[in-house]
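Notes for the structure review
Single-letter residue listing:
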Amino acid sequence: MTKVKTLANGLKVIMIPMPNSLTTTVLVLTKTGSKYETKNINGISHFLEHLIFKGTEKRPNSRTVAEELDGLGAQYNAFTSHEYTGYYAQAEARHFKNILDVLSDIYLNSTFPKEEIEKESGVIIGEIEMYEDTPQLEVWDIFLNLLYGNQPAGWPLIGTRKIIKEIDREDIVRYKKKNYVASSTIVVVAGGINEREAMNEIKNKFKNISESKKHGKVKTKDIQKKNNVLIKNKKTSQTHLILGFRAYHATHKDNAVLSVLAGILGAGMSSRLFHRIRDQLGAGYYIKSNYDDYTDHGYLAIYTGVDNKRVSEILHAILDEVRLLKNILVSEKELKKVKNYLIGNLYASLETSSSRAQFYGLEEALGKKLKAPQEHALEIQKVTATDIKRVAGNIFKTHKSNLALIGPFIKKHKKDFARLLVV
């Protein structure tokens, strides 16, 4: 049974016992990401994530940190999103104290040597260049910029070359001090654990965490009055595009319905879009749909890569499927299939201690009510065909539609694509 406790200093602890697990995962999250940034330090959350592993007074450099974790047989990494940053390690259950010691040390005591900041700046610029060389990834930055424009939700999570070059040690230290505080921090422990021992260790390791007030973020403006298109002209052999619609925030009552709706459209090789675009039209290797939700906004996205000459044709086909969901009830047979697919994949994705830790940690970071996987499954089972049609009618509207694409198109094509976005 999952247990949540807030300590006297404001730190939140989530315990997820898995009696049959041979491993234990420790995940340390801060409810801090790119939406907490200002324009002049855009990308600093991700930059800070890189630098956390560069050493502490106890472990003076990145090699010391890595050798210790490798010596425990641990799998470890970090990630940054718009609203949270996480650091985790998974190892044999008997190494719990060791991995907690390492993670708490780097989270609380990183020294940020100036020379490491300068070197890592080059690494991140290389990462930016990698994204720019991969249209399938870069199109997501185009899409978010289209949706949210010049506000944190619309800026590139990784930052820009110019800003990354200008961020210095003082910026890093100041940002960490504002955001890596007790009231923003969640420590998740999943797997083979002794709960009392784990709690005592966490209290001890995080007893000196700052209790300063958490730095806030600006509320995302999520308003749209007409359909939008944003093109990045690039000489490519294939156009990568995202067709997206404004949807719901993380705690909205219809998110389970939205997950089933997205599944009907593009989850699995029997989904409507996969069958239409790949099987029938032979137009592209991949096509998927999913929805992303945040504390104050969300969207449903359909994404694919297709022959440059067939973009208009494929958009017509995708929009046909979108309109069908608005106008015709899904059959009970298809609804049952998609529900089974989603629930089966949910359970399969939670088999390991690391996946279980991340699942609950991110739910907490987004302010959701923590629920057992079975509760999520029950919510999915309750979704009806009428629910799907109702939510499709709310989401799929012409003035909420957005098309981002990377390909050999120029400004004059924008009006042509906009005319197609009628739902």
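Residues numbered from 1 in each chain as written. Predicted model: local features only at pLDDT ≥ 70, side-chain atom pairs only at ≥ 80, totals over all residues. Heavy atoms only, no water.

**Focus on the packing of aromatic side chains**
Heads up, the rule is: Paired rings are identified among Phe, Tyr and Trp, the last through its six-membered ring, by centres lying within 6.5 Å, and are further divided according to the angle between planes into stacked (under 30 degrees), edge-to-face (over 60) and tilted (the rest).
Scanning all chains against the criterion turns up 14 aromatic pairs. Geometrically, the ring pair formed by F359 and Y360 is edge-to-face, given 5.1 Å between the ring centres and 85 degrees between the ring planes. Ring pairs connect the aromatic residues F53, Y87, Y107, Y180 and F206, which therefore count as one cluster.

**Quick word on the sheet that holds strand 9 (residues 287–293)**
Rules: The pairing criterion for strands is at least two bridges between them, as found by DSSP. Think of it this way: any DSSP run of H or I at least four residues long counts as a helix, any run of E at least two long counts as a strand, and we number them from the N terminus. Each axis is a line fitted through C-alpha atoms, and for a helix only the stretch in contact is used; angles between axes span 0 to 180 degrees, taken between their N-to-C directions.
Strand order across the open sheet formed by five strands is 7-11-8-10-9, with mixed pairing between neighbours. One side of each edge strand has no neighbouring strand; the edge strands of this open sheet are strand 7 (228–233) and strand 9. Across the sheet, the mean angle separating the axes of adjacent strands is 15 degrees when strand polarity is ignored. Taken together, the seven bridges between strand 9 and strand 10 (residues 298–307) define a ladder with antiparallel strand orientation. Paired with I287 across the two strands is T304, which belongs to strand 10.

**Description of the layout of surface pockets**
Heads up, the rule is: Only protein atoms enter the 1 Å grid used here, on which a cavity is any set of points holding a 1.4 Å probe that cannot leave and a pocket is any open set flanked by protein within 12 Å on both sides along at least five of seven lines; residues with an atom within 4 Å of a point are listed as lining. Grid points are joined across faces, edges and corners, and a volume is the space filled by probe spheres set on the points.
What the second largest pocket holds in volume is close to 280 Å³. Together, 17 residues line the second largest pocket, and E132, E138, D141, P156 and G159 are the ones closest to its centre. Secondary-structure elements contributing two or more residues to the lining of the second largest pocket are helix 4 (114–132), helix 5 (135–148) and strand 7. The element that contributes the greatest number of residues to the lining of the second largest pocket is helix 5, accounting for five residues.

**Some words on the sheet that holds strand 5 (residues 85–92)**
The sheet built from six strands is open, its strands ordered 1-2-6-3-5-4 with mixed pairing. Here the strands that pair on one side only, and so sit at the sheet edges, are strand 1 (3–6) and strand 4 (75–80). Across this sheet, the average inter-strand angle for adjacent strands is 15 degrees, counted without regard to direction. Here strand 1 runs beside strand 2 (residues 12–17); their pairing, made up of four bridges, is antiparallel. What sits directly across from K3, in strand 2, is M15.

**Brief notes about the packing of helix 9 (residues 255–266) against helix 15 (residues 385–395)**
Where we set the bar: In this scheme, roughly parallel covers angles under 35 degrees and roughly antiparallel covers those over 145, while 65 to 115 is roughly perpendicular and the rest are oblique. Contact between two residues is taken to exist if any of their heavy atoms lie within 4.5 Å; hydrogens are not considered. Only Asp, Glu, Lys and Arg are considered charged, only Ala, Val, Leu, Ile, Met, Phe, Trp, Tyr, Cys and Pro nonpolar, and every remaining residue, Gly among them, polar.
Interhelical geometry of helix 9 versus helix 15 gives an angle of 85 degrees and a closest axis separation of 9 Å. Comparing the axis directions of helix 9 and helix 15 gives the class roughly perpendicular. Residues V257, L258, V260, L261 and I264 of helix 9 form the contact with helix 15, whose own contacting residues are D387, I388, V391, A392 and I395. When its residues are assigned to classes, the contact of helix 9 with helix 15 shows nine nonpolar, no polar and one charged.

**As for empty space enclosed by the protein**
A complete count under the given rule lists one cavity of 30 Å³ or more for this structure. Of the volumes computed, that of the largest cavity is approximately 40 Å³. Every residue along the wall of the largest cavity is listed here: G263, A267, S270, K337, V338 and Y341. The biggest single contributor to the lining of the largest cavity is helix 12 (residues 332–348), with three residues.

**A short note on the pairing of strand 6 (residues 185–191)**
Short version of the rule: Throughout, exposure labels follow a simple rule: accessible area from a 1.4 Å probe, protein chains only, divided by the maximum for the residue type, with under 20% read as buried, over 50% as exposed, and the rest as partly exposed.
In terms of burial, strand 6 is a largely internal element, seven of the seven residues being buried. Of the strand pairs in this sheet, strand 3 (residues 23–30) and strand 6 are connected by seven bridges, and their pairing is antiparallel. Opposite T25, over in strand 6, you have A190 as the bridge partner.

**Some points on unusual backbone geometry**
Excluding glycine, a negative phi dihedral is what most residues carry, and trans is how most peptide bonds are arranged. The phi torsion at F112 lies on the positive side, around 55 degrees, for a residue other than glycine. With respect to the secondary-structure elements, F112 resides in the loop between helix 3 (96–109) and helix 4. Since its relative accessible area comes to 4%, F112 is described here as buried.

Remember that the coordinates give geometry; whether it matters functionally is a separate question.
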